[in-house]
Amino acid sequence: MRRRFPWLSYLVVVAGALLTVVPFLDMVMTSFKGPGEAGTLPYRFLPKAFALSNYRAAIEQLDLPTLFRNSVVVTTVITVSVLLTSSLAGYALARLRFPGRDLVFRLVLSTMMFPPFLFLIPRFLILVHWPLAGGNDLLGRGGAGLTVSIVALAVPFLVNGFGIFLTRQFMLSLPDEVLEAARIDGAGEFTVWWRIVVPQTKPVLVTLGLLTFVDAWNEYIWALLVSTANPDLMTLPVGVQLLRDHVDPARTMPVVMAGLVLSVLPVLVLFLLLQKHYIRGVMLSGLK
Amino acid sequence: MVNVLTPRSPERAPDPLPGAPAGHGRRRGRHRETVVAYLFLAPALLFFAVFLLLPLGFALLLSVSRWTGFDLGAIEPVGPDNFAALLADGSTFLVPVLTNTLLFALGTVALALTGSVVVATCVDRLRFQGLWRTLYFLPIVTTVVAVGNVWKYMYEPGGLANGVLNALGLGSVAFLQDPDTALPSVVVVQAWASLGSAILVLTAGLKSIPASYHEAAALDGAGPGTVFRRITLPLLRPSLLFVCVTQFLTGLQSFALITVMTRGGPGDATNVAALEMYRLAFDHGDWGTASAAAFVLFAVVLVVTLAQLRVFRRAGEDA
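As the structure is a prediction and not an experimental result, all values here were calculated from the model. (Residues numbered from 1 in each chain as written. Chains lettered and ligands numbered in written order. Predicted model: local features only at pLDDT ≥ 70, side-chain atom pairs only at ≥ 80, totals over all residues. Heavy atoms only, no water.)

Draft legend 1. Quick look at the overall build of chain A. Along chain A, the regular secondary structure elements total 14 helices and zero strands. For chain A, the succession of helices and strands along the chain, N to C, is α-α-α-α-α-α-α-α-α-α-α-α-α-α. Relative to the 2.2 N^0.38 estimate, which gives 19 Å for 288 residues, the radius of gyration of chain A is 24 Å and therefore markedly larger than a compact globule would have. Per-residue burial for chain A yields a buried fraction of 56% across its 288 residues. Summarising the internal contacts of chain A: among those between residues at least 6 apart in sequence, 65% fall at separations of at least 24. Within the structure as shown, chain A displays about 12500 Å² of accessible surface, and the carbon and sulfur contribution to it stands at 69%. Side chains of chain A carry 23 positive and 16 negative charges; the gap between the two charge centres is 10 Å. (Helix = DSSP H or I, 4+ residues; strand = E, 2+ residues; numbered from the N terminus. Rg over C-alpha atoms; globule rule 2.2 N^0.38 Å. Buried < 20%, exposed > 50% of the residue type's maximum accessible area, 1.4 Å probe, protein only. Contact = heavy atoms within 4.5 Å. Areas by Shrake-Rupley, 256 points an atom, 1.4 Å probe, with all protein chains shown as cover. Lys, Arg positive; Asp, Glu negative; His and termini not counted. Charge placed at Lys NZ, Arg CZ, Asp CG, Glu CD.)

Draft legend 2. Fine view of the interface of chain B and chain A. Every contact between the two is made by 111 residues of chain B and, on the other side, 108 residues of chain A. Both faces combined, the contact of chain B with chain A buries some 10100 Å², and carbon together with sulfur accounts for 74% of it. In this structure, the connection of chain B to chain A is made through two salt bridges. At the boundary of chain B with chain A, the tally comes to 13 residue pairs in polar contact (both at pLDDT 80 or more). No other element matches the 22 residues that helix 1 (residues 23-63) of chain B contributes to the side of chain B that touches chain A. (Buried area = accessible area lost by both parts, 1.4 Å probe. Salt bridge = Lys/Arg side-chain N within 4 Å of Asp/Glu carboxyl O. Polar contact = N/O pair within 3.5 Å; in protein donor to acceptor, adjacent residues only side chain to side chain.)

Draft legend 3. Spotlight on the packing of aromatic side chains. In the structure shown here, the tally under the stated rule is 30 aromatic pairs over all chains. Between Phe 124 of chain A and Phe 282 of chain B the ring centres are 5.4 Å apart and the planes differ by 90 degrees, which places this aromatic pair in the edge-to-face class. One end of the pair, Phe 124 of chain A, is in helix 5 (residues 117-128); the other, Phe 282 of chain B, is in helix 11 (residues 273-282), on a second chain. By way of ring pairs, the aromatic residues Phe 124 and Trp 222 of chain A together with Phe 255, Tyr 278, Phe 282 and Trp 287 of chain B are connected into one cluster. Across from the ring centre of Phe 105 of chain A, 3.8 Å away, lies the NZ or CZ of Arg 168 of chain A, which sits over that ring. (Phe/Tyr/Trp six-rings, centres within 6.5 Å; stacked < 30°, edge-to-face > 60°. Lys NZ or Arg CZ within 6 Å of the ring centre and 35° of its normal.)

Draft legend 4. Region of the structure containing empty space enclosed by the protein. Residue and element names in this part refer to chain A. Across all of its chains, the model carries three cavities of 30 Å³ or more by this definition. Considered as a void within the structure, the second largest cavity measures approximately 90 Å³ in volume. Contributing to the lining of the second largest cavity are Ser 71, Val 74, Thr 75, Ile 78, Leu 153, Phe 157, Ala 216, Trp 217, Glu 219, Trp 222, Ala 223 and Thr 235. Sorting the residues of the lining of the second largest cavity by element identifies helix 3 (64-95), helix 10 (202-218) and helix 11 (221-229) as the ones contributing at least two each. In terms of residue count, helix 3 provides more of the lining of the second largest cavity than any other element does, four residues in total. Across the lining of the second largest cavity, the residue classes break down as eight nonpolar, three polar and one charged. (1 Å grid on protein atoms, 1.4 Å probe; cavity = no way out; pocket = protein on both sides within 12 Å on 5 of 7 lines; lining within 4 Å. Points joined across faces, edges and corners; volume = space filled by probe spheres on them. Nonpolar A, V, L, I, M, F, W, Y, C, P; charged D, E, K, R; others polar.)

Draft legend 5. Summary view of the packing of helix 1 (residues 6-30) of chain A against helix 3 (residues 93-123) of chain B. Remark: helix 1 of chain A packs on helix 3 of chain B, axes separated minimally by 9 Å, with the N-to-C direction vectors making an angle of 130 degrees. As far as their axial angle goes, helix 3 of chain B and helix 1 of chain A are oblique. In the crossing of helix 1 of chain A with helix 3 of chain B, the sense of the turn from one axis to the other is left-handed. Where helix 1 of chain A approaches helix 3 of chain B, its residues Ser 9, Val 12 and Val 13 of chain A are matched on the opposing element by Val 118, Val 119, Cys 122 and Val 123 of chain B. Looking at the contact of helix 1 of chain A with helix 3 of chain B, its residues break down into six nonpolar, one polar and no charged. (Axes fitted to C-alpha atoms, helices over the stretch in contact; angles between N-to-C directions. Parallel < 35°, antiparallel > 145°, perpendicular 65-115°, else oblique. Left-handed = near helix turned anticlockwise from the far one by under 90°.)

Draft legend 6. Seen up close, the pattern of salt bridges. All names here are of chain A. Scanning the entire structure with this criterion turns up seven salt bridges over all chains. For Arg 95, the salt bridge goes to Asp 176, with nearest N and O atoms at 2.4 Å. With Arg 95 in helix 3 and Asp 176 in helix 8 (residues 176-184), the pair connects residues that are 81 residues apart, well separated along the chain. Taking the relative accessible area as the measure of exposure, Arg 95 reaches 8% and is therefore buried.

Draft legend 7. Layout of helix 12 (residues 236-246) of chain A. Most of helix 12 of chain A sits inside the fold, with eight of its 11 residues counted as buried. All buried positions along helix 12 of chain A are accounted for by Leu 236, Pro 237, Val 238, Gly 239, Val 240, Gln 241, Leu 243 and Arg 244 of chain A.

Draft legend 8. Broad picture of helix 5 of chain A. All names here are of chain A. Here helix 5 spans 18 Å end to end across 12 residues, near enough to the 16 Å set by a 1.5 Å rise per residue. With 12 of 12 residues buried, helix 5 is to be regarded as a mostly interior element. For helix 5, the set of buried residues is Phe 117, Leu 118, Phe 119, Leu 120, Ile 121, Pro 122, Arg 123, Phe 124, Leu 125, Ile 126, Leu 127 and Val 128. (Expected span 1.5 Å × (residues − 1).)

Draft legend 9. Structural detail: the domain arrangement of chain B. Residues and elements named next belong to chain B. Partitioning chain B into domains gives domain 1 (24-81) and domain 2 (88-318). Contacts between domain 1 and domain 2 engage nine residues on the former and six residues on the latter. Both faces combined, the contact of domain 1 with domain 2 buries some 520 Å², and carbon together with sulfur accounts for 71% of it. It is Leu 62, Ser 63 and Trp 67 that lose the most area in domain 1 upon contact with domain 2, and together they represent 58% of the buried surface on that side. Inspection of the region where domain 1 meets domain 2 yields zero salt bridges. Across the contact surface, domain 1 and domain 2 share zero residue pairs in polar contact (both at pLDDT 80 or more). It is helix 1 that contributes the most residues to the side of domain 1 that touches domain 2, five residues altogether. Here the side of domain 1 that touches domain 2 is built from residues that sort into five nonpolar, four polar and no charged. (Domains from an automatic or database assignment.)

Draft legend 10. Just unusual backbone geometry, in detail. Across the junction of Val 95 of chain B and Pro 96 of chain B, the peptide omega takes the value 5 degrees, indicating a cis bond. Positionally, Pro 96 of chain B belongs in helix 3. Residue Pro 266 of chain B is reached from Gly 265 of chain B by a cis peptide bond, and omega for that bond is -5 degrees. For Pro 266 of chain B, the location among the structural elements is in the loop between helix 10 (256-261) and helix 11. Look at Asp 63 of chain A: it is not a glycine, yet its phi comes out positive at around 50 degrees.

Below, the structure is given as structure tokens:
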């Protein structure tokens, strides 16, 4: 279609893009501001000098190595687990014939119907009352249960019904010949899965892995809950929020912003590097 | 919630394996295949049993019980009392909490939909597609803690939003402190954060409309406004509906942003159902009422989901 006013379109799109980007720029600019420079009138966008002291302060006040380690461990465990379980279950549902397959598939689909908030309370209570863990007795009394361990942060996200659905749909279209050739060569199903199916489904696994990684890194509510039970398990978002809530906001806003920049940066870099895969994932999963 | 609206690819049962051994060996092969299949499914099924079905049953039990949260043997069934308490006169759950939830979801949909339709129609066939997409996607990959705090800071008296207002000669607004502006201010942020994915869906929808339709209409003398109203919008309806429903469902459930920005305040001005559930449970230890609140919200979500499935089915029959 020929456009009569291309400049008008550009104007709208650029204005919208500015509206999207400016809050990020404000975050970065504030993270460089000196004491007394942020939150005072009149508002100034640019800092007087680009000082790195806020970043140093953020790293010291936040115990950044611990937060970073927790975030990395949890995100990695969740991503690996979702990829493995989705690929295994997806392969069984797509390429193996067994009684109950349709029932299991319907079960997987129905798990996507339940919103996460419904599980927040019971999952937390189940973890706290986990028998014989964290000082609990056989009936789950007396101790802190699984909340003593870092697995508590990962548990609700280890398996993902959507991930199983996605890999299964992708595996339906794998050519029979390749799998059959391997079977005739005497390969067991596990070997067929690991040596042939996993490499052949790399695109969908990259997409699923990236979606899972970003979500896990950014997750806030569950991590907040677990770290109120066990402060050693704080992740980056929870730690920065705690800093925000417990310091004098007028004076230390730049330190909080520096912490936010540091916590956002890894995922932002990953997104910029692999955004084609990520955007395809969002298309596949619908809206975020 | 992962949405259940993803266009389903046609269901296809895998073909029987060609060249599978026949007769006795075949039956043994079958048996082995069943064992292997359930081994592959075991981790997922185990997870669903322990962390999906069990919690669901536990939540149901809690919603009709009174419990202090310590001894599992001390759960005391009280019937529908928790639900009655939520819906009783003088309870804040229906008004303002549930009404806030609906306003929050509706407001987000209205804003995000309007914004994304405008941007998507403008960005369609513009240059630098990749750049625009990257920029509009930034909020989606950013943790809610960053989004919430940056906007909270921008809303402060010395923040960017008031800085702009002052520069335009307008007075400052106490965005998050004033009960009248707090909810709209949070809605703006939620809509801002979801604009990218809405634009993505609508741009894809626009691309699927053949250019010849527009050309034919233009040849018949239709102006750009008429083309947009008579051709673009009707053909875009499935994408629009999809954005509407998924945003609405997300809006009904989300409370992380509000937790970060206002914690439901001032007063109950931005308190929503999921946040109320969280606070009843983890601030007050009222597990029973909190679980009842969760199921009331779930009922709302379910009604919307089922209504949307019907609408989509009818839309599918029209097409």
